[in-house]
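Read off the chains here:
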Amino acid sequence: MKRLITRERLPILATSIVCLGLYLLSGFNFEGFFSLRVAFNFLTDNAFLGIIAVGLTFVILTGGIDLSVGAMVGLSGILVAFLVDSKHWNPIAAMAIALGCGAVLGLMHGYLIAKFELAPFLVTLAGLFLCRGLALWISKASIQIKDPLMTDMASFHVGLPGGASLSLSSILFIAVLLIAIYASRQTTFGRAVFAIGGGKQSAVLMGLRVPQTLILVYMLSGVCSALGGIVFAIYTSSGNAIGGTGMELDAIAAVVVGGTLLSGGYGSILGTFLGVLILAIIQTAITFQGTLSSWWTKIAIGTLLLIFMLMQRGIVKATERTTA
Amino acid sequence: MAIPLIVLAAILLFDLFFTPGFFSLEIRDGRLYGSLIDVVNRAAPVMLLSVGMTLVIATGGVDLSVGAVMAIVGATSACLIAKPSGSILSGIPVGTSIPAIIAVSLGVALICGLFNGVLVSFFSFQPIVATLLLMVAGRGLAQLLTDGQIIIFTNPGFASMGSGAWFGIPIPIWLAVGMFGLMGLLSRRTNLGLFVEAVGSNPVASQLSGINARTIKLAVYAICGICAGIAGLIGTADIKAADANNAGLYLELDAILAVAIGGTSMAGGRFTLAGSLIGALLMQTLATTIFARGITPEATLVLKALIVVGVCLFQSPRFQARFQHRQAGAQG
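Definitions and limits used
Residues numbered from 1 in each chain as written. Chains lettered and ligands numbered in written order. Predicted model: local features only at pLDDT ≥ 70, side-chain atom pairs only at ≥ 80, totals over all residues. Helix = DSSP H or I, 4+ residues; strand = E, 2+ residues; numbered from the N terminus. Rg over C-alpha atoms; globule rule 2.2 N^0.38 Å. Buried ≥ 20, exposed ≤ 12 C-beta atoms within 10 Å, placed from the backbone. Contact = placed C-beta atoms within 7 Å. Core = buried A, V, L, I, M, F, W, Y, C linked by C-beta atoms within 7 Å. Expected span 1.5 Å × (residues − 1). Axes fitted to C-alpha atoms, helices over the stretch in contact; angles between N-to-C directions. Parallel < 35°, antiparallel > 145°, perpendicular 65-115°, else oblique. Left-handed = near helix turned anticlockwise from the far one by under 90°. Nonpolar A, V, L, I, M, F, W, Y, C, P; charged D, E, K, R; others polar. pLDDT = per-residue confidence, 0-100.

1. Brief notes about the overall build of chain B
Part 1: Within chain B one finds 14 helices and 6 strands.
Part 2: For chain B, whose C-alpha radius of gyration is 21 Å, the value lies close to the compact-globule estimate of 20 Å for 332 residues.
Part 3: Reported as C-alpha extents along the three principal axes, the dimensions of chain B are approximately 75 × 55 × 35 Å.
Part 4: Every one of the 332 residues in chain B was classed for burial, and the buried ones make up 49%.
Part 5: Counted over contacts in chain B with a minimum sequence separation of 6, partners at least 24 positions apart contribute 78%.

As structure tokens, then:
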């Protein structure tokens with residue numbers, strides 16, 4: 001029994017070791033990498049990716065996928081920028097509208113997937129087209145945000161000892177992270193998510209409200225990606241319809257590297273957080289190195305993804321052998 | 001296949017009445033010109049991709065990496081032609097021979113396809129995940145080949161793959177139709193089609209009846225890679241440059257969409273190559289019509305989204321059951 005538990009924890013252990021290893025390796029190679037400022041910048045520079053990846057983790061835990069998250073970042077960013085700067089709306093109202101858009105899109109995804117059993121990747125693919133189309137319709141050019149409240153948000157930060165500071169986006173990221181960890185481990189919703197991923201049929205037989213949970217999961221992912229878009233807009237002080245292109249892949253990579261099985265049923269929010277940190281360390285290390293070009297990030301992420309998937313495959317096979 | 005054909009006919013009928021000159025054809029410099037030829041010519045890359053994608057989807061898989069493979073192949077061919085200094089590919093002795101350049105580029109495409117195939121068939125990765133890998137890393141590899149630059153070249157012979165014509169018909173159309181014909185023959189005149197459908201509809205039963213599912217899967221991903229390779233060559237020859245960032249961007253989605261619209265079930269099993277071809281043509285006709293009407297091209301994206309949801313709904317057994325139930329209720 002004890003050995004089985006160890007095996008189940010293997011993915012997150014491996015993720016932690018890789019994360020720590022990469023951090024130490026980069027730290028010893030590059031001067032100043034170990035500073036607190038750099039560490040907190042991991043959070044600030046990747047808050048949007050982290051928030052999206054957290055929402056996506058729930059979807060993947062149910063055995064589904066959401067390809068629309070990157071496009072939703074573009075849509076909610078340009079929507080907020082357009083409403084605030086061109087229509088002079090109150091930023092809070094504009095953000096509420098953007099979050100509402102995310103919820104509605106997620107509701108549509110969830111409804112089609114839960115009620116008509118359509119393939120999640122096809123439905124969310126349509127969502128991707130829809131979001132990009134709408135975003136480009138609002139404005140093809142990027143819109144700079146000059147609203148004082150928004151610029152205040154961008155520069156807001158809590159000073160910490162050691163020259164580090166906690167920006168508003170990292171505070172939001174941490175808040176989302178904590179809520180998600182609580183929701184996934186302590187609520188009936190969280191247990192239903194894991195049960196659906198483990199086996200939809202048995203979840204139905206257990207009397208769980210499968211369609212409702214699925215709809216909620218996709219709504220959660222929609223709201224998270226809209227929030228990610230808002231954070232991205234604050235971070236870049238602008239809205240861009242093609243912002244977040246390819247971010248769905250980064251988010252999926254973070255979730256998988258974090259040890260969540262893409263077939264659903266096994267994984268954790270904490271793992272996703274570590275996955276985001278790993279991507280952040282790779283990106284920062286490549287920036288510190290200076291001579292390596294940015295596309296090495298993509299190749300490194302791809303290679304890491306391959307290694308983790310091979311490892312997951314090995315674990316699944318080993319577990320099958322023990323149960324058989 | 002009936003529904004997409006009707007939709008295509010409806011759009012064409014609309015064009016007949018409301019888009020002036022849509023059906024006019026003229027011959028200039030021994031090449032046909034006109035909106036219709038333009039539609040087919042522009043649809044050629046997606047047609048090519050959808051041929052390979054149909055076979056992959058029929059085995060119950062999907063290939064998300066075709067857009068990235070197009071970028072890799074485009075980068076390979078452009079580097080072989082332009083020979084930028086410091087390129088990793090400078091060592092390959094192809095000279096200026098166009099067949100050799102094409103062969104090496106398609107070889108690269110084959111390797112990409114085999115990579116996907118091995119992950120899916122031998123490591124039993126979920127197809128979405130296995131091909132996601134190359135989708136993420138592929139663009140990085142393409143940028144590695146081009147060193148992050150847009151490689152521009154001048155080579156009239158190679159460029160004719162994108163803009164040339166044989167017997168008045170643009171070469172991309174020949175290539176797409178040729179690939180479609182070849183795969184159509186292979187899948188209907190040999191056992192390949194039957195085996196693909198068997199693997200897709202019931203992997204266990206097909207294994208028990210002696211079909212080597214692994215080899216079949218490996219083969220369809222390899223074919224899909226080659227199709228993406230040819231599409232990549234056309235795209236690169238057309239603009240006479242390789243842009244690792246944008247070549248084939250989002251075309252994997254268009255190809256999947258074409259297959260879905262064509263009536264091949266996403267769950268695998270029965271497939272129709274002709275349906276996918278109609279799906280690809282339908283989307284391009286729609287895009288060209290929207291463009292000709294002066295509506296913003298962004299509307300195409302929104303329309304595509306609505307079409308894919310609509311088509312999938314009609315294919316869904318749940319939706320059909322509900323619909324029939326309602327009809328029965330109305331009658332009774």
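2. Focus: the overall build of chain A
Part 1: A count of helical and extended segments in chain A gives 13 helices and 4 strands.
Part 2: In summary, chain A has a C-alpha radius of gyration of 20 Å against a globular reference of 20 Å for 324 residues, a match within 12%.
Part 3: For chain A, the C-alpha atoms occupy an extent of roughly 65 × 50 × 35 Å along the three principal directions.
Part 4: Restricting the contact set of chain A to residue pairs at least 6 apart, pairs at least 24 apart contribute 78%.

3. What to know about unusual backbone geometry
Part 1: Positive phi outside glycine occurs at A:Glu117, with the angle close to 55°.
Part 2: Relative to the elements of secondary structure, A:Glu117 occurs in the loop between α4 (91-116) and α5 (120-138).
Part 3: Positive phi outside glycine occurs at B:Lys240, with the angle close to 55°.
Part 4: The class of B:Lys240 is partly exposed, set by 19 C-beta atoms lying within 10 Å.

4. With respect to the nonpolar core
One broad trend across soluble globular proteins is that nonpolar side chains are buried collectively.
Part 1: By size, the foremost hydrophobic cluster in this structure holds 212 residues, and its most contacted members are A:Ile52, B:Leu48, B:Cys227 and B:Val308.
Part 2: Ignoring any residue separated from it by four or fewer positions in sequence, one finds A:Ile52 in contact with A:Val69, A:Val73, A:Cys224, A:Ser225, A:Gly228, A:Met247 and A:Ala251.

5. Quick notes on the interface of chain B and chain A
Part 1: Contact residues are listed per partner, giving 34 residues for chain B and 35 residues for chain A.
Part 2: Sorting elements by how many residues they give to the side of chain B that touches chain A places helix α5 (residues 127-146) of chain B first, with 12 residues.

6. Comments concerning helix α11 (residues 251-262) of chain B
Part 1: The first and last C-alpha atoms of α11(B) sit 16 Å apart over 12 residues, in line with the 16 Å expected at 1.5 Å per residue.
Part 2: Where burial is concerned, most of α11(B) is hidden: 12 out of the 12 residues are buried.
Part 3: Of all the residues in α11(B), the buried ones are B:Leu251, B:Glu252, B:Leu253, B:Asp254, B:Ala255, B:Ile256, B:Leu257, B:Ala258, B:Val259, B:Ala260, B:Ile261 and B:Gly262.
Part 4: Those residues of α11(B) hidden inside the fold are in contact with α5 of chain A together with α1 (2-18), α2 (35-58), α3 (66-82), α12 (273-292) and α13 (298-315) of chain B.
Part 5: Residue B:Gly263 follows α11(B) closely and has a positive phi angle near 105°.

7. Regarding the environment of B:Cys227
Residues and elements named next belong to chain B.
Part 1: Mapped onto the fold, Cys227 is located in helix α10 (residues 213-239).
Part 2: Since 33 C-beta atoms lie within 10 Å of it, Cys227 is described here as buried.
Part 3: Taking the C-alpha atoms as reference, Cys227 lies 5.9 Å from Gly52; in sequence the two are 175 residues apart.
Part 4: What Cys227 contacts, discounting residues up to four positions off in sequence, is Leu48, Leu49, Val51, Gly52 and Met179.

8. Re the packing of α1(B) against α12(B)
Each pair of packed helices can be described by the angle between their axes along with the distance between the axes.
All names here are of chain B.
Part 1: Put simply, α1 and α12 touch, their axes get as near as 10 Å, and they point 30° apart. Between α1 and α12, the angle is such that the two are roughly parallel. Judged by the sense of rotation from one axis to the other, the crossing of α1 with α12 is left-handed. Contacts between α1 and α12 involve Pro4, Leu5, Val7, Leu8, Ile11, Leu12, Phe14 and Asp15 on the former and, on the latter, Gly275, Ile278, Gly279, Leu281, Leu282, Thr285, Leu286 and Thr289.
Part 2: A per-class count over the contact of α1 with α12 returns 11 nonpolar, 4 polar and 1 charged.

9. Side note on the packing of α11(B) against α13(B)
All names here are of chain B.
Part 1: At their nearest, the axes of α11 and α13 sit 9 Å apart, and the two run at 40° to each other. Taken together, α11 and α13 sit at an angle that is classed as oblique. Note on packing geometry: the crossing formed by α11 with α13 is left-handed. In contact with Leu257, Ala260 and Ile261 of α11, α13 contributes Lys304, Ile307, Val308, Val311 and Cys312.
Part 2: Of the residues in the contact of α11 with α13, the class split is 7 nonpolar, no polar and 1 charged.

10. Some words on the confidence of the model for chain B
Residues and elements named next belong to chain B.
Part 1: Summarising the model, chain B shows a mean pLDDT of 85, and 96% of its residues fall at 70 or more.
Part 2: At the level of individual helices and strands, chain B shows its lowest average pLDDT in helix α14 (residues 317-331), which scores 71, and its highest in α10, which scores 93.
Part 3: Both scores are available for the predicted complex, with the pTM at 0.84 and the ipTM at 0.76.

11. Quick word on α4(A)
Part 1: End to end, α4(A) covers 37 Å across 26 residues, agreeing with the expected 38 Å (1.5 Å per residue, within 8%).
Part 2: Positive phi shows up at A:Glu117, right after α4(A), with a value of about 55°.

12. Examining the environment of B:Arg31
All names here are of chain B.
Part 1: Among the structural elements, Arg31 can be located in strand β2 (residues 31-33).
Part 2: Along the backbone, Arg31 and Gly164 are 133 residues apart, and their C-alpha atoms lie at a distance of 8.7 Å.
Part 3: Ignoring anything within four residues of it in the chain, the contact list for Arg31 reads Ala165 and Gly168.

13. A short note on the environment of A:Thr62
Part 1: Turning to its location among the elements, A:Thr62 is positioned in the loop between α2 (36-61) and α3 (69-86).
Part 2: Classification of A:Thr62 by C-beta neighbours within 10 Å gives buried; the count is 26.

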